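Here is how the chains run, residue by residue.
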Amino acid sequence: MIKEINIGCASTNTSYGRRLDTTLIELNSKANVSALFTSNKFKSAPVQVCLNHIKTKKKGRKILAINAGNANAATGKKGISDTKKLAKEISNLSGVPISHILPFSTGVVGQLLNLKSLSLAFNECFKNLNKNSWNDFATSIMTTDTKSKIIKLPVKIGSKKYHIVGVAKGVGMIEPNMATTLSYVFTDLKISESILKKMHKRICDKTFNAVSIDGDQSPSDSSVLVATGTSEIDVKKNITKIEKDIFSVFQKLSEKLVLDGEGSTKLLNITVKGLSSELSCKKIAMKIANSPLVKTAAFGEDPNWGRIVVAAGNADVHEFDIEKLSLKIGKHPVLVNGNLSKKYKENQGQKEFKKRKINLELSMGKSKNSFTVIGSDLTKEYISINSDYRS
């Protein structure tokens, strides 16, 4: 779908049997790359190496190297050494400089890499470059995901086309800054590195950094945006539409992450508006998304709107004023300026909470500021998955 991107996948035949769990993605020499990583101070070895490699502008071919099953986090100097060793092997295979190899790992924390199996698998990945598909790539990065997450968006402007492909994984340990465990979005547009990085940050702040499943942030979270520069579309002339299209791919991936959250049965779409700043709106929306009482009410399909209001009040936003608070569940007004709506009926809320996607809107003032956070419910299955993850 996107020219000059070669995908090669293989299996280490370890954590997931014969399932694909390693991938190399070869990028063309014109490609520009933007990468954002977890703000968790406890960063995995690959994230530390990647941060060092991404510092300087890369001219020439680049390779993304990804393995699933082992996060290579909390592995100390040995973990960093192992990451560098694999990068060197990939560099020797491909002729791509080590600093142009960007490594990513996801999976169990606190275990050293099985270098032998990974070395063999990456060797096989290199042989398979240009033989594997986007779907193979999406499958290869899964851990506790129940399904692969991929979005493909072809766009036509006049007689010319451009494409956007997004792939992500992550169903638990998901919390903003970065919000997804691993995500990769590619386009064939010709976007300069500086514009790409600014665009990436803006989009992430409204998508992946506005997602929460369990309030825990992975030490491996990474988001990559790649522009290969092969499309003839005039980016400068169409920049508004282009950013909107890339945003839509990030947003759809974010929703897929939540809908496949560990044990998730509901997507909570929480919009807060009207406060003096977007940050204040986000703070309240995130407090609601992370409230165990709100999440369990969603799982039980109980429109217990009191829990929503209480969570909002606990966000420690100084301008919170109950007399200015209006709440909607779906399209149904529950509170209007702090008073119970005469139009609201309990069965309306129950009907909304039975849906897969629950929309909540809190209006808290007259400003145009708003922020939307998406979250999930909290289920018995989530506890079951995370109580025996390593087994």
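Just so it is clear, the structure is predicted and the values come from calculations on it, not from any experiment.

*Asks:* Honestly, the packing of aromatic side chains in this entry has me stumped. Any pointers?
*Replies:* Both the distance between ring centres and the angle between the ring planes are used here to describe each pair of aromatic rings. Applying the stated criterion across every chain yields a total of four aromatic pairs. When the ring of Phe 104 is compared with that of Tyr 184, the centres are 5.3 Å apart and the planes differ by 90°; the resulting orientation is edge-to-face. Of this pair, Phe 104 sits in strand β5 (residues 101-108) while Tyr 184 sits in strand β8 (residues 182-187), and the two are 80 residues apart along the sequence. Across the pair, Tyr 184 and Phe 104 agree in class, each one buried. Between the aromatic rings of Phe 137 and Tyr 184, the centroid separation amounts to 5.5 Å while the plane-to-plane angle is 55°, which identifies the pairing as tilted.

*Asks:* What is the right way to look at the sheet that holds strand β4 (residues 62-70) in this model?
*Replies:* Spatially, the four strands line up as an open sheet ordered β1-β2-β4-β5, and their pairing is mixed. In this open sheet, the two edge strands, each paired with only one partner strand, are β1 (5-10) and β5. For this sheet, the mean inter-axis angle between neighbouring strands, taken without regard to orientation, is 15°. Note: β1 against strand β2 (residues 22-27), six bridges, orientation antiparallel.

*Asks:* How should I be thinking about unusual backbone geometry in this particular structure?
*Replies:* Excluding glycine, a negative phi dihedral is what most residues carry, and trans is how most peptide bonds are arranged. In the Ramachandran plot, Asn 72 falls in the positive-phi region, its phi being about 50° despite a non-glycine side chain. Within the element layout of this structure, Asn 72 appears in the loop between β4 and α2 (76-94). Relative accessible area serves as the criterion here: at 0%, Asn 72 is assigned to the buried category. Unusually for a residue other than glycine, Asn 337 sits at a positive phi of about 50°. One can find Asn 337 in the loop between β13 (332-336) and β14 (339-340).

*Asks:* What is the right way to look at the packing of helix α1 (residues 45-53) against α2 in this model?
*Replies:* In contact at an axis separation of 8 Å, α1 and α2 are set at 60° when each is read in the N-to-C sense. Classified by the angle between their axes, α1 and α2 sit oblique to one another. Seen from above, α1 lies across α2 with right-handed handedness. The residues of α2 that touch α1, namely those facing Ala 45, Pro 46, Gln 48 and Val 49, are Gly 79, Ile 80, Thr 83 and Lys 84. In terms of residue class, the contact of α1 with α2 is built from four nonpolar, three polar and one charged.

*Asks:* Which parts of the structure should I look at to understand the pairing of β2?
*Replies:* Side-chain direction in a regular strand flips from residue to residue, so the side chains alternate between the two faces of the sheet. Here β2 lies mainly inside the structure; six of its six residues are buried. A two-sided burial pattern is seen for β2, the buried positions comprising Thr 22, Leu 24 and Glu 26 on one face and Thr 23, Ile 25 and Leu 27 on the other. Bridge count for β2 against β4 is six bridges, and the pairing is antiparallel. Across the sheet, residue Leu 24 finds its bridge partner in β4, namely Ala 65.

*Asks:* Got a minute to help me understand the pattern of salt bridges in this structure?
*Replies:* Between side chains of opposite charge, a pair can form when the charged atoms approach closely. Summed over all chains, the structure comprises 14 salt bridges. In this structure, Glu 26 and Arg 61 form a salt bridge, with 2.4 Å as the shortest nitrogen-oxygen distance. Linking Glu 26 in strand β2 with Arg 61 in the loop between α1 and β4, this pair joins segments that are 35 residues apart in sequence. A salt bridge links Glu 193 to Lys 197; the shortest N-O distance between them is 3.4 Å. Highlighted residues: Glu 193 and Lys 197, both in helix α5 (residues 193-206), separated by four residues, approximately one helical turn. Glu 193 sits in the buried class, given a relative accessible area of 19%. Salt bridges here are not isolated pairs; linked through shared partners, they connect Asp 145, Lys 149 and Asp 260.

*Asks:* Explain the nonpolar core here, please?
*Replies:* In summary, soluble globular proteins display a tendency toward joint burial of nonpolar side chains. Core analysis: the biggest nonpolar cluster contains 32 residues, and Ile 270, Val 272, Ile 284, Ile 288 and Leu 362 have the highest contact counts within it. If you list the elements that add at least two residues to this core, you get β11 (267-273), α7 (278-289), α8 (292-299), α9 (305-313), β12 (326-329), β13, β15 (357-363) and β16 (370-376). When residues of this core are assigned to their parent elements, the largest contribution, six residues, is made by α7. Look past the residues within four positions of Val 272 in its chain and what remains in contact with it is Cys 281, Ile 284, Ala 285, Leu 362, Met 364, Asn 369, Ser 370 and Phe 371.

*Asks:* Got a minute to help me understand the pairing of β5 in this structure?
*Replies:* Of all eight residues making up β5, eight are buried, and the element is well covered by its neighbours. Note that β4 and β5 share eight bridges and pair parallel. Of the residues in β5, the one forming a bridge with Ala 68 is Thr 106. Where the polypeptide runs from β4 across α2 and back to β5, its parallel neighbour, the crossover connection is right-handed.

*Asks:* Would you mind showing me how to read the sheet that holds strand β3 (residues 32-37) here?
*Replies:* Think of a sheet as strands paired side by side through backbone hydrogen bonds, with each pair either parallel or antiparallel. Across the sheet, which stays open at both edges, the five strands sit in the order β3-β10-β8-β7-β6 with mixed pairing between neighbours. The sheet terminates laterally at β3 and β6 (149-157), the two strands that pair on one side only. The average undirected angle you get between the axes of adjacent strands in this sheet is 10°. Inspection of the sheet shows β3 paired to strand β10 (residues 222-227) by six bridges, in the antiparallel sense. Bridge pairing in β10 places Leu 36 opposite Ser 223. Packed on one face of the sheet, α5 meets β3 and β10 and runs near 35° to β3. Relative to β6, helix α6 (residues 239-259) is tilted by about 160°, and along the sheet it contacts β6, β7 (160-169), β8 and β10.

Rules used in this analysis
Residues numbered from 1 in each chain as written. Predicted model: local features only at pLDDT ≥ 70, side-chain atom pairs only at ≥ 80, totals over all residues. Heavy atoms only, no water. Phe/Tyr/Trp six-rings, centres within 6.5 Å; stacked < 30°, edge-to-face > 60°. Helix = DSSP H or I, 4+ residues; strand = E, 2+ residues; numbered from the N terminus. Buried < 20%, exposed > 50% of the residue type's maximum accessible area, 1.4 Å probe, protein only. Pairing = 2+ DSSP bridges. Axes fitted to C-alpha atoms, helices over the stretch in contact; angles between N-to-C directions. Parallel < 35°, antiparallel > 145°, perpendicular 65-115°, else oblique. Left-handed = near helix turned anticlockwise from the far one by under 90°. Contact = heavy atoms within 4.5 Å. Nonpolar A, V, L, I, M, F, W, Y, C, P; charged D, E, K, R; others polar. Salt bridge = Lys/Arg side-chain N within 4 Å of Asp/Glu carboxyl O. Core = buried A, V, L, I, M, F, W, Y, C linked by side-chain atoms within 4.5 Å. Right-handed = clockwise from strand over helix to strand, strands pointing away.

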